[in-house]
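Residue-level listing of the chains:
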Amino acid sequence: MLQASRGWRRGGGSIGLVPTMGALHAGHLSLVELARRENDVVVVSIFVNPIQFGPGEDFARYPRDPARDARLLHQAEVDAIYEPSADVMYPPDAGTRVHVGSVAEPLEGRARPGHFEGVATVVTKLLAAVEPDRAYFGQKDAQQVAVVKRLVRDLDLGVDMRIAPTVREVDGLALSSRNVYLDPEGRKAAASLSAGLRAAAQAYAGGERDPDLLRRVLAAPMGAEPLVAVEYAEVVDPATFHKPGTLAVVAARLGKTRLIDNHDLRLPFVR
Ligand code: PAF
């Protein structure tokens, strides 16, 4: 990968990297389109990163469809798919891990111990392998964005972080590779996450600033759904992920499926 990348760079081309775990959906493809517009060369990595899944999480059943992913990426005119194996990424004696600190601690960090260390480690390795000018991430994983931005800044990685908006279904559900786990009833109930974000954005636009009240508005639609178990509903700072702030973040379980979503309350909620 590195040899190919350095060849492109010698030829004067700019390189965009879209890191993914495959099972591509329209959200991923919007990142690829943005990368296509902004770079001479687009690389998409596909790697279901074992070290960002905790024990008992969905690593084994995480959806995988490399042939379909390759077709979609070919249609989207990417230049290369980087699909390393787990042995190449993590030889048995490779123990180095990247620990980002404070921004990785609350919310997802607390709910999924070790998750962000796994993300930060693999993103560091992908950036080292591709040496891109720009790297593309979805706003859907807002805390991941904050963690990777901090990583890039703290380690002087010099890559331009490009963040694309969340793509949503008609009822507001954020696209996620994990949505395929939902049965029809769960799928209906899952719209309550974005309903809370929409309601909180409307309250904020109407002048509401009381964090407790905003939190209650945010959690209410999920609370009204018997199939939904709320893990958190908070309003935090989008860069630090600590309170106070304007980024509404939610996580909930629907049976075995865990979903997250977020919205910056200063912006109108579209859909
Ligand atoms: O968002 C994802 O798909 C993953 O967390 C990432 C950034 C590809 C790292 O494995």
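Residues numbered from 1 in each chain as written. Predicted model: local features only at pLDDT ≥ 70, side-chain atom pairs only at ≥ 80, totals over all residues. Heavy atoms only, no water.

This paragraph deals with the environment of glutamine 75. For glutamine 75, the location among the structural elements is in helix H3 (residues 66-75). A residue is classified by how much of its surface remains accessible, and glutamine 75, at 60% relative accessible area, is exposed. Considered as a pair, glutamine 75 and glutamine 144 are 69 residues apart in the sequence and their alpha carbons are 28 Å apart. (Helix = DSSP H or I, 4+ residues; strand = E, 2+ residues; numbered from the N terminus. Buried < 20%, exposed > 50% of the residue type's maximum accessible area, 1.4 Å probe, protein only.)

Attention shifts here to the sheet that holds strand S4 (residues 134-138). Strand order in the open sheet formed by 5 strands is S3-S2-S1-S4-S5, with parallel pairing between adjacent strands. Either end of the sheet is taken by a strand with one partner, and the two such strands are strand S3 (80-82) and strand S5 (160-164). Across the sheet, the mean angle separating the axes of adjacent strands is 25° when strand polarity is ignored. Relative to S3, strand S2 (residues 41-46) runs parallel, the two being bridged by 3 bridges. Following the sheet pairing, valine 44 is matched in S3 by isoleucine 81. In this fold helix H2 (residues 26-38) packs onto strand S1 (15-20), S2, S4 and S5, with an angle of close to 155° to the strand it touches most, S4. (Pairing = 2+ DSSP bridges. Axes fitted to C-alpha atoms, helices over the stretch in contact; angles between N-to-C directions. Contact = heavy atoms within 4.5 Å.)

Let us now look at the side chain of asparagine 39. One can find asparagine 39 in the loop between H2 and S2. In this structure asparagine 39 comes out as buried when scored by relative accessible area, which is 6%.

Attention now moves to the domain arrangement of the chain. Splitting the chain by domain gives domain 1 (2-164) and domain 2 (177-264). With 23 residues of domain 1 in contact, the opposing surface of domain 2 contributes 20 residues. With both sides pooled, the region where domain 1 packs onto domain 2 buries about 1,700 Å², and carbon together with sulfur makes up 51% of that total. When residues of domain 1 are sorted by the area they lose upon contact with domain 2, Arg61, Leu107 and Glu108 head the list and together hold 32% of the total. At the boundary of domain 1 and domain 2, one finds 2 salt bridges. Residues arginine 258 and glutamate 108 are paired through a salt bridge, measuring 2.8 Å at the closest nitrogen-oxygen approach. Between domain 1 and domain 2 we count 9 residue pairs in polar contact (both at pLDDT 80 or more) in total. Elements with a contribution of two residues or more to the side of domain 1 that touches domain 2: helix H5 (108-111) and helix H7 (142-154). Examining the composition of the side of domain 1 that touches domain 2, we find that 4 residues originate from one element, H7, more than from any other. Tallied by class, residues from the side of domain 1 that touches domain 2 come to 10 nonpolar, 6 polar and 7 charged. (Domains from an automatic or database assignment. Buried area = accessible area lost by both parts, 1.4 Å probe. Salt bridge = Lys/Arg side-chain N within 4 Å of Asp/Glu carboxyl O. Polar contact = N/O pair within 3.5 Å; in protein donor to acceptor, adjacent residues only side chain to side chain. Nonpolar A, V, L, I, M, F, W, Y, C, P; charged D, E, K, R; others polar.)

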